[in-house]
Amino acid sequence: MSLHPGSTGRHPLLDRVLASDGSLPFALLRRHGGTEVEVLTGDVVDVDLLGDIPLDGAPVLAVVPYRQARERGFTVRDDGAPLRCLVVRESERVLLPDALAALPPEPVAAEPLGFDTPDDEYAGIVRRVIDDEIGRGAGANFVVMRSFEARTDAAPVPTLTSWFRALLTHEVGSYWTFAVHVPGPGSAVSLAGATPERHLTLHDGVARMNPISGTYRHPASGPTREGVLDFLADTKENEELFMVVDEEMKMMSALCPGGGRIVGPYLKQMARLSHTEYLLEGRTTVDPREALRLTMFAPTVTGSPMENACTVIARHETRPRGYYSGFLALFEPDDGEAGGARYSLDAPILIRTAYLHDGGRVSVPAGATLVRHSVPEHEVAETRAKAAGVLASLGLVPRGAAPDAVLDLNAQDGVAEALAVRNGQLAEFWVRPQDAAPVAAPEASPLTGQDVLVIDHEDQFTTMLAHQLNHLGMNARVVRWDAVDDVLADDLVVLGPGPGDPRDQDDPRIAAITRRIHERVTAGRPLLAVCLSHQVLAGLAGFPLRPLAAPRQGVRLTADVFGTTAAIGYYNTFGARLATVDAADAGNPVARLALEPSADDDGVLTALRGPGVASVQGHLESVLSADGIGVLESLARHALGAARGTAPGAVPAM
């Protein structure tokens, strides 16, 4: 075997990779804070499902495409991208200076072709998503992708390894920098990137997720203290981060019996951008493959609620995603016992990544998070900025003159304080450490031991609701709306939130909510309704349902709940309005209850209560709901008729 020009013969596996003709599968990795490049090679295996990833004692690097979301029943445009695994048989570690000396010195020549979706067309998509999706209750935020295209005549190995060197040299703040080439049936999967974001890690029973959102685009002259402070004070950027934290806390609540806690926030500074981020952590015993399935995919690259975000993506994106927003997943045995090894997991999100396709086509996908405050032209600029770090490193757009000295934003006066201010909006319940097992309420509590069915209407906020109910000493479980077979057996039914128009009885979820409200009320069985289900209940009680003047998606408001002032997070586009309700309809069991309303200053109902029934518009389980756990306990007590020392139908003080 001939050695490549940078070879010294001291790193035989790296030498083999660099001298190969493209038939050798390999991965080059530099992980966060690492001083070495990991070189991996081995056998290539394609599998259908995450659960099929072969964990037989060897390390495995899996390249997981976006189409795997179909494992969760979500809507995707299926492009057939394989779930390809590199079962590691050989590896070595190379000190970073030695690796840089061995790698090709410059990116290979490539011809830039521009974005596949022009700026004006992408701006139009942004407007439609804001108006037709967020504005009609489909969700709080959505990420829409477009892709910068180029082409090259260079062979795969020099292309990928030169990209890898350029990213190591020019990008900073990455969680992983990598180049992966895994030939297999059909075409090879070839990619290189510098991703800022961990999706999920599992080690010694601790799960960690790392939601990153909000983007400060550095000026050409370099970032400034004033610029980053303006960014940290921006309402849109704040709300964007809290939304994705809520969405990932839903996942943590499904993954970790004791829920997750929030740590941070932090400022992540990169070469051309800075982001805000939190760290979420909790304990779990779930198999790492199942943990990945439960957390597909990060809301920072899809949106929320997750299931409907996938549907919105399929409606508005111009092409399938391939591996964009999927992840690399490195499984490493903890004990080295073949056939029975326990595995740790390190899975970064596939963003800020360039892909090399057959025929020399190059693509660099990027997406912007669209929320109710989004300005289309700003989101166009954000996709350009996100792609620019990779494109500049690869020589596909001008790098520009580097500032003489890059300002350390985290060291600037006022930055730490501005970050800390954000936590003033968070619920202490989700910030403090939580035990691995549910914490029961005192034995004297009338909630202790009560069985609760939480019905999920395609919004996993229900996992957080169930966790809080378990924390209060109840026995809560979550069942999807179309899998419920008995709505009367449990002591309490919680009808959960979901996307959609509460007036649309042609929506099978709305029809199911209506039917289950009637069944529980007719049987005199306790019921608690949240958000969308609260709106349906209010409509059945005779209160008019209308779109809000502006969506309340991912905002914290001070709400009046039957005379008690509470800070609660809201995710709603529709609202029930305070009105004089007509006399009870003898055929309508809900109307006969004569529900008592509580409303805000705009006349939007914040809550309802009646014999054995309670409902609330806000998300008491949200990380934004500082008073959420107290309100939830009070409403649960009311619905169960278990409030001591209070008249029937009353809610105790909070």
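Only a predicted model underlies this, so the values are computations on that prediction, with no experimental measurement involved. (Residues numbered from 1 in each chain as written. Predicted model: local features only at pLDDT ≥ 70, side-chain atom pairs only at ≥ 80, totals over all residues. Heavy atoms only, no water.)

Visitor: So what's going on with the overall build of the chain? Residues and values would help.
Guide: In terms of regular secondary structure, the chain is built from 16 helices and 27 strands. Taken over the C-alpha trace, the chain has a radius of gyration of 26 Å; the compact-globule value for 654 residues is 26 Å, and the two agree within 12%. Oriented by its inertia axes, the alpha-carbon framework of the chain measures out at about 90 × 55 × 45 Å. Considering the chain as a whole, with its 654 residues, one finds that 61% of them fall into the buried category. With the model as given, the accessible surface of the chain reaches about 23,500 Å², and the carbon-plus-sulfur share is 50%. Side-chain charges of the chain comprise 57 positive and 84 negative groups, with the mean position of each set lying 1 Å from the other. (Helix = DSSP H or I, 4+ residues; strand = E, 2+ residues; numbered from the N terminus. Rg over C-alpha atoms; globule rule 2.2 N^0.38 Å. Buried < 20%, exposed > 50% of the residue type's maximum accessible area, 1.4 Å probe, protein only. Areas by Shrake-Rupley, 256 points an atom, 1.4 Å probe, with all protein chains shown as cover. Lys, Arg positive; Asp, Glu negative; His and termini not counted. Charge placed at Lys NZ, Arg CZ, Asp CG, Glu CD.)

Visitor: Mind laying out the sheet that holds strand β19 (residues 451-456), listing which residues take part and the relevant values?
Guide: Strand order in this open sheet of seven strands is β20-β19-β21-β22-β27-β26-β25, and the pairing throughout is mixed. Each edge of the open sheet is held by one strand with a lone partner, namely β20 (475-480) and β25 (596-599). Pairwise comparison of adjacent strand axes, ignoring direction, gives a mean angle of 15 degrees for this sheet. Across three bridges, strand β21 (residues 492-495) lies against strand β22 (residues 527-530) in parallel orientation. Each residue of the ladder has a partner; that of V493, found in β22, is L527. (Pairing = 2+ DSSP bridges. Axes fitted to C-alpha atoms, helices over the stretch in contact; angles between N-to-C directions.)

Visitor: Tell me what's going on with the pairing of strand β18 (residues 361-370), and back it up with residues and numbers.
Guide: The element β18 is extensively covered by neighbouring structure, given that nine of its 10 residues are classed as buried. Here 10 bridges tie strand β6 (residues 141-151) to β18, and the two strands are oriented antiparallel to one another. Across the sheet, the residue bridging to F142 is L370, located in β18. Where strand β17 (residues 353-356) meets β18, two bridges bridge the pair, whose relative direction is antiparallel. Counted as the bridge partner of L356 is V362 from β18.

Visitor: Break down the pairing of strand β11 (residues 212-217) for me, citing the residues and quoting the values.
Guide: Counting buried positions along β11 gives five out of six residues, so the element sits mostly inside the fold. Looking at chain direction, β11 and strand β13 (residues 273-283) are connected through five bridges and run antiparallel. When the bridges of β13 are listed, S213 appears paired with T276.

Visitor: Describe the packing of helix α13 (residues 508-523) against helix α14 (residues 532-540), listing the residues and the values that go with them.
Guide: Axis separation between α13 and α14 bottoms out at 10 Å; the angle between their running directions is 65 degrees. α13 and α14 meet at a crossing whose hand is right-handed. Facing R509, I510, I513, T514, I517 and H518 of α13, the residues of α14 in contact are L532, S533, V536, L537 and L540. Per-class residue counts for the contact of α13 with α14 are seven nonpolar, three polar and one charged. (Left-handed = near helix turned anticlockwise from the far one by under 90°. Contact = heavy atoms within 4.5 Å. Nonpolar A, V, L, I, M, F, W, Y, C, P; charged D, E, K, R; others polar.)

Visitor: Give a description of the side chain of E458 that names residues and reports values.
Guide: Along the polypeptide, E458 turns up in the loop between β19 and α12 (461-471). Separated by 3.3 Å, the side chains of E458 and R480 make a polar contact. Only 3.1 Å separates the side chain of E458 from the side chain of W481, close enough to count as a polar contact. Other than its neighbours up to four places away in sequence, E458 contacts P305, E307, R480, W481, P499 and R509. (Polar contact = N/O pair within 3.5 Å; in protein donor to acceptor, adjacent residues only side chain to side chain.)

Visitor: Requested: an account of the packing of aromatic side chains, with residues and values cited.
Guide: The final tally for this structure, using the stated rule, is six aromatic pairs. Measuring from centroid to centroid gives 4.8 Å for F429 and W430, while their planes differ by 90 degrees, and the two rings are edge-to-face. Overall, F429 belongs to the buried group, its relative accessible area being 4%. Grouping aromatic residues by their ring pairs yields a cluster made of Y66, F297 and F327. For R146, the ring lying beneath its charged end belongs to F115, and the centroid distance is 3.9 Å. Cation over ring: K250 sits above F461, and NZ or CZ is 4.0 Å from the ring centre. (Phe/Tyr/Trp six-rings, centres within 6.5 Å; stacked < 30°, edge-to-face > 60°. Lys NZ or Arg CZ within 6 Å of the ring centre and 35° of its normal.)

Visitor: Now, about unusual backbone geometry: what can you tell me, with residues and values included?
Guide: At the junction of G264 and P265, the peptide bond is cis and its omega measures out at 5 degrees in the coordinates. Counting through the fold element by element, P265 comes out in strand β12 (residues 261-269). Between S304 and P305 the backbone carries a cis peptide bond, its omega angle lying at -5 degrees. With respect to the helices and strands, P305 occurs in the loop between β14 (303-304) and α8 (306-316). If you check the backbone angles, A594 has positive phi at about 50 degrees while not being a glycine. Here A594 lies in the loop between α15 (589-592) and β25.

Visitor: Please give an account of helix α4 (residues 156-170) that cites residues and values.
Guide: Here α4 contains 15 residues, and its C-alpha end-to-end distance of 21 Å stays within 8% of the 21 Å for a straight helix at 1.5 Å per residue. By the burial criterion, the buried members of α4 are V157, T159, L160, T161, S162, W163, F164, A166, L167 and L168. (Expected span 1.5 Å × (residues − 1).)

Visitor: Requested: an account of the environment of L453, with residues and values cited.
Guide: Examined against the element boundaries, L453 turns out to sit in strand β19. L453 sits 211 residues away from F242 along the chain, and the two C-alpha atoms are 27 Å apart.

Visitor: Tell me what's going on with the pattern of salt bridges, and back it up with residues and numbers.
Guide: Under the defined criterion, the tally for this structure stands at 41 salt bridges. Notably, a salt bridge pairs R361 with E149, separated by 2.8 Å at the nearest N-O pair. Placement of R361 in strand β18 and of E149 in strand β6 is noted, with a sequence separation of 212 residues between them. Given the relative accessible area of 33%, R361 is considered partly exposed. One salt bridge connects E317 with R321, and the closest N-O pair in it is separated by 2.7 Å. The burial state of E317 is the same as that of R321; both residues are buried. Salt bridges sharing common partners tie together R31, E36, E38, R93, E332 and D346. (Salt bridge = Lys/Arg side-chain N within 4 Å of Asp/Glu carboxyl O.)

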